[in-house]
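# Survey of secondary and tertiary structure
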Amino acid sequence: MAETVDEVIRHLEEVVGSAALKWERPRPNRVYFTVARDNARETGRRLVEDLGARFATATGTDIGEELEVIYHFECDAVGLVVNMRVRTPKGDPVMPSLTPVVPPAEWIEREINDLLGVVFEGHPDPRRLILADDWPQGVYPLRRDQRNDA
Amino acid sequence: MAVLDKVKLWGLKKSPWVYHVNTGACNNCDIEVLELLTPRFDVERLGVVLAASPRHADALMVTGVCTRQARSRLQEIYRQAAKPCLVVCLGACACTGGIFQDAWHFAGPVDEVIREVDPDARIVYIPGCPPKPEAMIAGIAKALHDL
Amino acid sequence: MTHRTLIPIGPYHPLQEESEFFQLYVEGETVVDMDVRISYNHRGIEGVVMRRTWDQVPYAVERVCGICSGSHPLAYVQAVEEIAGVKVPERALYLRTIVNELERVHSHLLWFGLAGHFIGYNTVFMWAWRYREPCLDALEVVTGSRINYANHTVGGSRLDITPEKVKYVHERLDEIDRPLDMFISTALGDPVLSLRLKGVGVLTQKDARRLGAVGPTARASGVPIDVRRDDPYAAYDRVDWSIVTRSHGDVFDKAVVRLLETKESIKMLRQALNELPEGPIRADVKEVPPGEGCGHVEAPRGETFHFVKSNGGPGPERHKIRAPSYVNVPTFKATCIGHSLADVTITLAAIDPCYSCTERMLAVRDADSGKRLMGFNDLVKLSQQKTEQIRKSVAAG
């Protein structure tokens with residue numbers, strides 16, 4: 001009855017469908033794919049609701065011209081980590097918030113907004129989370145082109 | 001020194017009430033401070049008691065780097081503390097900022113933050129990451145002795 | 001204990017207009033809303049590690065949270081080993097298990113003591129912390145330090161263990177065995193504890209899954225996840241152990257899960273110590289090629305997740321650190337709102353957040369006026385008073 005990791009990955013491929021691009025599987029139980037920002041929320045929803053995955057956290061990185069957010073989901077039963085990449089241009093750093101459909105994303109999206117300046121549209125509570133009250137607006141410590149302090 | 005000041009100092013030395021302030025620490029120093037209360041170290045036999053409010057404190061045990069968010073609060077707590085008050089910088093973070101000196105939210109070190117409010121503040125340093133409970137007791141005892 | 005031995009786990013905050021870490025809004029005795037501000041402890045460690053080399057990072061990340069200082073470095077080194085395709089020697093896998101299970105034992109005992117204090121059993125605090133000492137002694141002998149072990153390195157372990165040290169650890173575990181059994185039978189058998197903690201702070205299985213809870217917080221709600229079993233690392237698939245779950249999701253079940261897990265940990269430790277394979281303790285890792293890796297471990301509080309990105313340089317290009325409390329603390333929305341003020345401290349404590357976070361001031365405000373009504377110590381007193389009332393009614397009835 002217990003699924004194998006390959007079976008779960010096949011199920012994953014069905015669930016995310018054609019929205020998922022640039023698949024990588026560097027290890028048997030690590031999968032990475034990219035979705036266009038417009039598809040991010042729906043794909044996230046499918047991962048938790050249709051695949052039953054658990055949301056672990058998200059990593060925001062300045063990769064040069066773009067900002068990348070990798071959402072990390074897990075299928076605990078087979079020890080699989082599913083990494084969903086969403087990229088957005090630095091000049092227009094907006095992407096849809098996953099929080100309305102993936103509640104545990106709430107804090108980390110606020111944090112990535114603080115540290116990287118990604119705006120998560122539709123976030124139910126986009127207040128500052130982690131930086132001090134008097135930290136200046138518009139200074140993002142994780143951006144390459146900015147100094148680390150303010 | 002006026003009689004009242006002498007009495008205050010005697011009280012402080014005999015039974016220092018310490019108020020613990022965490023200004024952004026990883027917990028290690030804080031846990032070891034609590035360790036001091038437990039049977040093995042039993043710091044109460046030396047008269048040291050943890051105070052519930054800075055207004056009752058003879059000493060502030062400060063842990064942590066002093067993050068940007070904690071900075072003004074640390075200064076406020078120092079102002080509220082009954083004087084004379086000893087500031088004990090506990091651990092590498094409180095002494096110098098430790099490995100967090102280049103971190104973006106670092107707003108210390110603690111001694112400079114305190115001296116902004118009171119240039120004559122008495123500050124004691126107990127280094128370590130974390131300092132062992134024996135080191136903390138030795139540090140406090142030495143500080144009280146030198147007062 | 002006299003009132004003077006108030007173990008002030010939290011400062012009475014003197015400031016009036018303070019935006020504390022946890023703010024509770026109340027109507028009468030009921031919590032109607034809660035807010036959290038986690039900026040006080042934020043130091044910016046993800047920036048610090050980006051300016052370190054691969055081998056320096058473990059020393060930095062073990063200072064993310066002192067109580068999980070074995071878990072964070074292990075998650076990190078595993079992520080890096082994933083990128084570099086390192087095969088860690090068997091002996092090191094066992095050493096990693098030994099350090100991390102000792103960490104679990106001391107952490108769960110620490111929690112048990114604090115929880116006891118919050119509900120007014122100060123003797124429990126003293127006893128639980130007294131029996132942490134053998135565990136910390138064992139860690140000091142094995143790694144060189146009571147906390148901050150600096151033992152996990154990329155490729156294996158830093159320090160080996162001698163047969164004398166193995167014997168020493170066994171003896172320390174012997175010291176903890178019987179008191180632990182006593183704690184367990186006390187917890188399960190004491191009528192006041194049952195009345196005080198059962199049905200309190202319930203996190204339903206549905207909410208635990210919906211909110212992504214991990215660790216004992218999730219397992220007490222019947223969610224059977226544990227990284228040691230789900231994605232085995234170190235020597236967890238080489239020793240015999242069982243995952244511990246309960247179904248009610250209340251504070252009582254969370255306590256039971258942690259206590260029984262401590263017993264499982266000791267069982268694992270004995271096996272790991274006895275079955276330590278011979279061999280090297282560290283693989284030689286010359287460089288870390290470009291790539292990405294995920295490392296996760298089951299810390300005492302739940303899953304610690306690290307993501308590392310390498311561009312082939314001397315250190316990580318990006319390193320994401322996610323501690324378990326980050327996903328567990330927000331479960332307060334499901335467990336505190338709508339419930340009694342007297343239960344807030346123990347409900348929050350039951351998630352076992354990093355101590356310095358809990359200490360960080362809880363403030364209670366009136367929901368209409370926003371006026372600050374009470375602080376953390378007041379809430380602890382309220383909680384202890386409730387236990388006292390229950391104790392009296394049990395004695396009378």
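Reference entry: report on the structure contained in this document. Not measured: the values here are computed from a predicted model. (Residues numbered from 1 in each chain as written. Chains lettered and ligands numbered in written order. Predicted model: local features only at pLDDT ≥ 70, side-chain atom pairs only at ≥ 80, totals over all residues. Heavy atoms only, no water.)

## What about the overall build of chain A?
Of the regular secondary structure elements, chain A holds 3 helices and 7 strands. Ordered by position from the N terminus, the helices and strands of chain A form the series α-β-β-α-β-β-β-β-α-β. Taking 15 Å as the expected radius of gyration for a compact globule of 150 residues, we find that chain A reaches 16 Å, a close match to that expectation. By principal-axis analysis of the C-alpha atoms, chain A measures approximately 55 × 30 × 25 Å. When burial is assessed residue by residue, chain A has 57% of its 150 residues classed as buried. Across chain A, the fraction of contacts at a sequence separation of at least 24, relative to all contacts at a separation of at least 6, is 50%. Carbon together with sulfur atoms contributes 48% to the accessible area of chain A, which is approximately 6300 Å² in total. A distance of 3 Å separates the average location of the 19 positive side-chain charges in chain A from that of its 27 negative side-chain charges. (Helix = DSSP H or I, 4+ residues; strand = E, 2+ residues; numbered from the N terminus. Rg over C-alpha atoms; globule rule 2.2 N^0.38 Å. Buried < 20%, exposed > 50% of the residue type's maximum accessible area, 1.4 Å probe, protein only. Contact = heavy atoms within 4.5 Å. Areas by Shrake-Rupley, 256 points an atom, 1.4 Å probe, with all protein chains shown as cover. Lys, Arg positive; Asp, Glu negative; His and termini not counted. Charge placed at Lys NZ, Arg CZ, Asp CG, Glu CD.)

## Let's talk about the overall build of chain C
Counting its secondary structure elements, chain C contains 17 helices and 9 strands. Structurally, chain C occupies a C-alpha span of about 65 × 45 × 40 Å along its principal axes. Taking all 397 residues of chain C together, the buried fraction comes to 67%. As displayed, chain C offers around 12900 Å² of accessible surface, 53% of which is attributable to carbon and sulfur atoms.

## Quick look at the packing of aromatic side chains
By the definition in use, this model includes 9 aromatic pairs over all chains. Measuring from ring centre to ring centre gives 6.2 Å for Phe55 of chain A and Tyr71 of chain A, while their planes differ by 50 degrees; the resulting arrangement is tilted. Within this pair, whereas Phe55 of chain A is found in strand β3 (residues 54-62), its partner Tyr71 of chain A is found in strand β4 (residues 66-75), the two being separated by 16 residues in sequence. As far as burial versus exposure is concerned, Phe55 of chain A and Tyr71 of chain A are alike and both buried. Taking the centre distance of 6.4 Å and the plane angle of 70 degrees together, the rings of Tyr131 of chain C and Phe183 of chain C count as edge-to-face. Taken together, the residues span a long stretch of sequence, with Tyr131 of chain C in the loop between α5 (122-130) and α6 (133-143) and Phe183 of chain C in helix α7 (residues 163-189) at a distance of 52 residues. Judged by relative accessible area, which is 3%, Phe183 of chain C ranks as buried. Over the face of the ring belonging to Phe252 of chain C we find Lys198 of chain C, whose NZ or CZ atom lies 4.6 Å from the ring centre. Positioned above the aromatic ring of Trp111 of chain C is the side chain of Arg258 of chain C, whose terminal nitrogen or guanidinium carbon lies 4.4 Å from the ring centre. (Phe/Tyr/Trp six-rings, centres within 6.5 Å; stacked < 30°, edge-to-face > 60°. Lys NZ or Arg CZ within 6 Å of the ring centre and 35° of its normal.)

## Looking at a nonpolar patch on the surface
Taken together, the side chains of Val3, Leu4 and Val7 of chain B present a nonpolar region at the surface, about 310 Å² in accessible area. Inspection of the secondary structure puts Leu4 of chain B in helix α1 (residues 3-14). (Patch = residues over 30% accessible without salt bridge, like charges linked within 9 Å, V, L, I, M, F, W, Y side chains within 5 Å. Salt bridge = Lys/Arg side-chain N within 4 Å of Asp/Glu carboxyl O.)

## Let's talk about α5 of chain C
Asn122, Val124, Phe125, Met126, Ala128 and Trp129 of chain C are the residues of α5 of chain C that are buried. Buried-residue contacts for α5 of chain C involve α2 (28-35) of chain B together with α4 (90-118), α6, α7 and α17 (376-396) of chain C.

## A closer look at the sheet that holds strand β5 (residues 122-126) of chain B
All names here are of chain B. Spatially, β2-β1-β3-β4-β5 is the arrangement adopted by the 5 strands of the open sheet, whose pairing is parallel. Each edge of the open sheet carries a strand with a single partner, namely β2 (49-50) and β5. With 5 bridges connecting them, strand β4 (residues 86-90) and β5 associate as parallel partners. Bridge pairing links Val87 to Ile123 in β5. Here helix α5 (residues 110-117) sits on the sheet in contact with β3 (59-63), β4 and β5, set at roughly 175 degrees to β5. Across the sheet, helix α6 (residues 133-146) is in contact with β3, β4 and β5; its angle to β5 comes to roughly 155 degrees. (Pairing = 2+ DSSP bridges. Axes fitted to C-alpha atoms, helices over the stretch in contact; angles between N-to-C directions.)

## A look at the packing of helix α1 (residues 5-16) of chain A against helix α2 (residues 40-49) of chain A
Residue and element names in this part refer to chain A. Relative orientation of the contacting elements α1 and α2 amounts to 140 degrees, with a least axis distance of 9 Å. It follows that α1 is oblique to α2 by the angle criterion. Crossing geometry of α1 relative to α2 is assigned as right-handed. Together, Leu12, Val15 and Val16 of α1 and Thr43, Arg46 and Leu47 of α2 make up the contact between the two elements. Among the residues making up the contact of α1 with α2, the classes are represented as 4 nonpolar, 1 polar and 1 charged. (Parallel < 35°, antiparallel > 145°, perpendicular 65-115°, else oblique. Left-handed = near helix turned anticlockwise from the far one by under 90°. Nonpolar A, V, L, I, M, F, W, Y, C, P; charged D, E, K, R; others polar.)

## Quick word on the nonpolar core
In this structure, Met61 of chain B together with Tyr76, Leu102, Trp129 and Ile346 of chain C are the most contacted members of the largest nonpolar core, which totals 120 residues. Among the elements that take part in this core, α4 of chain C stands out by supplying 15 residues, more than any other. Per-domain counts for this core show at least three residues from each of domain 1 (4-41 + 327-395) and domain 2 (45-326) of chain C. Filtering out sequence-adjacent residues up to four positions away, Ile346 of chain C remains in contact with Ala115, Phe118, Ile119, Arg196, Leu197, Val200 and Val251 of chain C. (Core = buried A, V, L, I, M, F, W, Y, C linked by side-chain atoms within 4.5 Å. Domains from an automatic or database assignment.)

Keep in mind these numbers describe shape, not what the thing actually does.
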